[in-house]
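Close look at the chain arrangement
Listed here are the chains, written in short residue letters.
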Amino acid sequence: MATQNYILYRTAAFMYQPGYAYIAGETPVIPAAVISAPLGTVIATQLLSSLTGVTAPDGFAYALDAEGTYPPGSIYTPATGYTLSGASTATAGTALTLTLTPDNDGPGADTTVTLSDGSAGGTFSADTVTFNGCTNTARTVTYTPKAAGTITISATNDGSLSNPASLNVVVAAATA
């Protein structure tokens, strides 16, 4: 069974309260809490075949880091959403480029995004793209509208990312 590199990172900062001393009868000045390890600190890397049956302790989470980008001590900030961008105008029969980009350091696991034109009849060069775990690499596809009108391109994902706003494209008729 093939193994992949996973990171274990903090989902909450590790804090401590410094000790303090004072003379009896005086009012002590209590020092502020100190962050020892910030949110997102990578604690360890592990080669695992999957996360099935693996439970992260409270305050921690696992993320797939197949490329080994995040060594212990580095900071990983998981994606919470992604963007969908492209031209707002097009011509029927002419391809336009759509770009999908995860935020922060990318999702904690491979995440598939599915594109739709709401049954407008256009064609995507690929109607799905995959964001790899722990990478925020943009993915591009082309979309060729079939006919004039206004179309709405939307994206949904199979992970826990927030989906972006739909992209409205005004399509002009092809000229002869």
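Residues numbered from 1 in each chain as written. Predicted model: local features only at pLDDT ≥ 70, side-chain atom pairs only at ≥ 80, totals over all residues. Heavy atoms only, no water.

1. Some words on the overall build of the chain
Put simply, the rule is: A run of H or I in DSSP counts as a helix once it spans at least four residues, and a run of E counts as a strand once it spans at least two, with each numbered from the N terminus. It is over C-alpha atoms that the radius of gyration is taken, and the globule rule equals 2.2 Å times the number of residues to the power 0.38. Under the scheme applied here, a residue whose accessible area is under 20% of the maximum for its type counts as buried, over 50% as exposed, and between as partly exposed, the area being computed with a 1.4 Å probe on protein chains only. Any pair of residues with heavy atoms lying within 4.5 Å of one another is described as a contacting pair. All accessible-area figures derive from a Shrake-Rupley calculation using a 1.4 Å probe, and residue coverage is judged against the displayed protein chains alone.
A tally of helices and strands in the chain yields zero helices and 14 strands. In terms of overall size, the chain is more extended than a compact globule, its C-alpha atoms giving a radius of gyration of 23 Å where 176 residues would be expected to give roughly 16 Å. With the C-alpha coordinates aligned to their principal axes, the bounding extent of the chain is approximately 90 × 50 × 25 Å. Looking at the chain residue by residue over its 176 residues, the buried ones come to 31%. Intrachain contacts of the chain at a sequence separation of at least 6 include 68% that bridge at least 24 residues. For the chain, the exposed surface amounts to about 9700 Å²; the carbon and sulfur share of it is 54%.

2. Points about the pairing of strand 11 (residues 128-131)
Successive residues of a regular strand alternate their side chains across the two faces of the sheet. Worth spelling out the cut-off: Two strands make a pair as long as DSSP finds a minimum of two bridges between them.
In strand 11, alternate side chains face the same way, and those of V129 and F131 are buried while those of T128 and T130 on the opposite face are not. Two elements, strand 9 (residues 111-116) and strand 11, share four bridges in a ladder whose sense is antiparallel. When the bridges of strand 11 are listed, T111 appears paired with F131.

3. A short note on the sheet that holds strand 12 (residues 139-144)
Taking strand neighbours across the sheet as the criterion, the four strands line up as 6-8-12-10 in an open arrangement whose pairing is antiparallel. Edge positions in the sheet fall to strand 6 (82-86) and strand 10 (123-124), since each has one partner strand and no second. As paired strands, strand 8 (residues 96-102) and strand 12 are joined by five bridges and run antiparallel to one another. Opposite L98, over in strand 12, you have V141 as the bridge partner.

4. Considering the sheet that holds strand 14 (residues 167-172)
Rules: To get an axis, fit a line to the C-alpha atoms, keeping to the stretch in contact for a helix; angles then go from 0 to 180 degrees between the N-to-C directions.
Read from one edge of the open sheet, five strands run 7-14-13-9-11, paired in mixed fashion. The strands lining the two open edges of the sheet, one partner per strand, are strand 7 (89-91) and strand 11. The average undirected angle you get between the axes of adjacent strands in this sheet is 30°.

5. Regarding the environment of Y70
Examined against the element boundaries, Y70 turns out to sit in the loop between strand 5 (60-64) and strand 6. The exposure class assigned to Y70 is buried, which follows from its relative accessible area of 11%. With 21 residues separating them in the primary sequence, Y70 and S49 have C-alpha atoms 18 Å apart. Apart from the residues lying within four places of it in its own chain, the contact partners of Y70 are I7, V42, T45, D65, I75, Y76, D105 and C134.

6. A look at the layout of surface pockets
This is how it is decided: Only protein atoms enter the 1 Å grid, on which a cavity is a set of points fitting a 1.4 Å probe that cannot get out and a pocket is an open set with protein on both sides within 12 Å along at least 5 of 7 lines, lining residues being those with an atom within 4 Å of a point. Grid points are joined across faces, edges and corners, and a volume is the space filled by probe spheres set on the points.
Roughly 150 Å³ of volume is contained in the largest pocket. If you go around the largest pocket, the residues you meet are Y9, Y62, A63, P78, A79, P107, G108, A109, T111, G159, S160 and L161.

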